[in-house]
Amino acid sequence: MQRRARKRPAQTRWGRGHIYKDITGAIGNTPLVQINAMAEAANAHATLLAKLEFMNPLASVKDRIALAMIEAAEAEGRIVPGESVLIEPTSGNTGIALAFVAAVKRYRLIVVAPESMSVERRKMLSHLGAEIQLTPAALGMTGALSQADALAARLPEAVILQQFSNPANPTIHAMTTAEEIWADTDGAVDVVVAGVGTGGTLTGCARVLRPRKQGLQVIAVEPEASSVLSGGSSGSHGLQGIGPGFIPAVLDQSLIDEVLTISNETAYETARQAAKLEGLPIGISSGAALAAGLKIAARPRLRGKTVVVIIPSSAERELSTPLFESTSRIND
Ligand code: PMP
């Protein structure tokens, strides 16, 4: 007797199920993954879900805004592939994200960054065809910003996309990140936790989810040593990607319910634990966001609720940082 072929359940299919016309098509639709052992250890009452933005093609949340800012500038007629030069002051993931989109679209990209930028980032930028101009470490990002302005003034075909004030940044999170969270939780999201760098992720997600979900809580995370959103002063800290030391133009502070500050050590240790206990190689700012998410999930009034934490990047982009200086083993 001939057996009827059993249909394979959808979950057993690997791959994203599409052919993309180029790598930019693979941006977004990042997975939500439950945090288990760490949530139990923290006595979490809520379900804690991590949105893994390091599963974007160039491994960070910034892939979304790089494509969105370039496409918005193209639509406005401000830039033309093969002619315009993109300049961006950034020492972080935005440079790498812009670099791969610029490579696909044939833009010349000049990244201006403090000389303290990590060697792995510099190498990856060059590898993707970007040019790098280094500014004195002592001047920090302010030095990079003024150098980028000076460079743009000299090059008539240059445009600075400027993630801190570009509305395409929060808008793409409203259109994609927020919608993915809503769809993947079937609307069951109760709390969103996000570190604030430009504030684009938090603003975009909150803008869409708040009107849809009564009682939604939006939690911003910033470094303890640079607690500007909490009314403190700016300072140097080890949580690269968040805590720029000023209030960015794209951040809508009216959408924030609560700000949690996290120390360097808590962020590092949480990221180390995530690798060892959950198999999640998350970056330092992600460690800060997850630490905040664990605190929130442990609140008794959140029993049965769902907390979503944005995980912006991976530990592999931070190989030369103190994240890898500890050899401590957990539960040994
Ligand atoms: N963490 C890392 C590692 C980042 O690169 C960024 C973006 N600067 C963030 C967090 C914060 O994201 P946003 O700029 O959307 O606030």
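Residues numbered from 1 in each chain as written. Predicted model: local features only at pLDDT ≥ 70, side-chain atom pairs only at ≥ 80, totals over all residues. Heavy atoms only, no water.

Let us now look at the site of the ligand. In the vicinity of the ligand lie 15 residues, with Lys62, Gly197, Thr198, Thr201 and Ser285 positioned nearest. Between the ligand and the protein, one listed contact pairs an oxygen atom with a backbone N or O atom of Gly200 at 3.5 Å. A distance of 3.1 Å separates a nitrogen atom of the ligand from a polar atom in the backbone of Gly241. Protein chains bury 95% of the 390 Å² of accessible surface belonging to the ligand in isolation. Its residues placed into classes, the shell around the ligand shows 3 nonpolar, 11 polar and 1 charged. (Near = heavy atom within 4 Å. Polar contact = N/O pair within 3.5 Å; in protein donor to acceptor, adjacent residues only side chain to side chain. Areas by Shrake-Rupley, 256 points an atom, 1.4 Å probe, with all protein chains shown as cover. Nonpolar A, V, L, I, M, F, W, Y, C, P; charged D, E, K, R; others polar.)

Mapped onto this structure's residue numbering, the UniProt feature "modified residue: N6-(pyridoxal phosphate)lysine" (unreviewed entry) falls at Lys62. Assignment of secondary structure puts Lys62 in helix α2 (residues 62–75). Exposure remark for Lys62: the relative accessible area of 16% places this residue in the buried category. The residues contacting Lys62, other than those within four sequence positions of it, are Asn93, Thr94, Ala97, Gln163 and Thr198. (UniProt positions renumbered as here; feature names shortened; annotations may be inferred. Helix = DSSP H or I, 4+ residues; strand = E, 2+ residues; numbered from the N terminus. Buried < 20%, exposed > 50% of the residue type's maximum accessible area, 1.4 Å probe, protein only. Contact = heavy atoms within 4.5 Å.)

A word on the packing of α2 against helix α3 (residues 93–105). For the pair α2 and α3, the least separation of the axes is 8 Å and the interaxial angle reads 50 degrees. Between α2 and α3, the angle is such that the two are oblique. Note on packing geometry: the crossing formed by α2 with α3 is right-handed. Facing Lys62, Asp63, Ile65, Ala66, Leu67, Met69, Ile70, Glu71 and Glu74 of α2, the residues of α3 in contact are Asn93, Thr94, Ala97, Leu98, Phe100, Val101, Ala102 and Lys105. Of the residues in the contact of α2 with α3, the class split is 10 nonpolar, 2 polar and 5 charged. (Axes fitted to C-alpha atoms, helices over the stretch in contact; angles between N-to-C directions. Parallel < 35°, antiparallel > 145°, perpendicular 65-115°, else oblique. Left-handed = near helix turned anticlockwise from the far one by under 90°.)

Applying the stated rule across the entire model yields 14 salt bridges. As a salt-bridge pair, Glu76 and Arg78 come within 3.7 Å of each other at their nearest N and O atoms. When the shortest N-O distance is used, the salt bridge between Arg272 and Glu265 registers 3.9 Å. Assessed through its relative accessible area of 8%, Arg272 is described here as buried. For Glu265, a relative accessible area of 47% puts it in the partly exposed group. A cluster of three or more residues bridged by salt bridges with shared partners is formed by Lys51, Glu53, Arg64 and Glu180. (Salt bridge = Lys/Arg side-chain N within 4 Å of Asp/Glu carboxyl O.)

With respect to the helices, strands and loops of the structure, Gln240 is situated in the loop between β8 (217–223) and β9 (258–262). Taking the C-alpha atoms as reference, Gln240 lies 6.4 Å from Ser285; in sequence the two are 45 residues apart. Filtering out sequence-adjacent residues up to four positions away, Gln240 remains in contact with Arg121, Ile284, Ser285, Glu318 and Thr321. At 3.2 Å, the side chain of Gln240 forms a polar contact with the side chain of Arg121.

A few words now on helix α7 (residues 200–212). Helix length check: α7 (13 residues) gives 19 Å between terminal C-alpha atoms against 18 Å at 1.5 Å per residue, within 8%. Most pronounced at Ala206, the bend in α7 amounts to some 30 degrees. When α7 is considered as a whole, its buried residues turn out to be Gly200, Thr201, Leu202, Thr203, Gly204, Cys205, Ala206, Val208 and Leu209. Contacts from the buried residues of α7 go to α6 (168–184), β7 (191–195), β8 and β10 (306–311). (Expected span 1.5 Å × (residues − 1). Bend = angle between axes of the 7 residues up to and from the residue.)

Taken across its 5 residues, β7 has 5 buried, putting it largely inside the fold. Along β7, one buried face is formed by Val191, Val193 and Gly195 and the opposite face, lined by Val192 and Ala194, is buried too. Alignment of β7 against β8, held across 5 bridges, turns out to be parallel. For Val192, the partnering residue across the bridge sits in β8 and is Val218. Taken together, β7, α7 and β8 constitute a β-α-β crossover, and its handedness is right-handed. (Pairing = 2+ DSSP bridges. Right-handed = clockwise from strand over helix to strand, strands pointing away.)

The final tally for this structure, using the stated rule, is 1 aromatic pair. Taking 5.2 Å as the distance between ring centres and 55 degrees as the angle between the ring planes, the aromatic pair formed by Phe164 and Phe246 counts as tilted. Of this pair, Phe164 sits in the loop between β6 (158–160) and α6 while Phe246 sits in the loop between β8 and β9, placing them 82 residues apart in sequence. According to the relative accessible area criterion, Phe246 is partly exposed, its value standing at 37%. (Phe/Tyr/Trp six-rings, centres within 6.5 Å; stacked < 30°, edge-to-face > 60°.)

Turning next to the pairing of strand β3 (residues 85–89). Among the 5 residues that make up β3, 5 are buried, leaving the element largely enclosed by the rest of the structure. The alternating pattern of β3 places Val85, Ile87 and Pro89 and Leu86 and Glu88 on opposite faces, both of which are buried. Pairing of β3 with strand β4 (residues 108–114) involves 5 bridges; the strand directions are parallel. Bridging across to β4, Ile87 finds its partner in Ile110. Of the crossover connections in this fold, the one passing from β3 over α3 to the parallel β4 is right-handed. Bridge count between β3 and β6: 3 bridges; the pairing is parallel. Residue pairing across strands places Leu86 opposite Val159, the latter belonging to β6.

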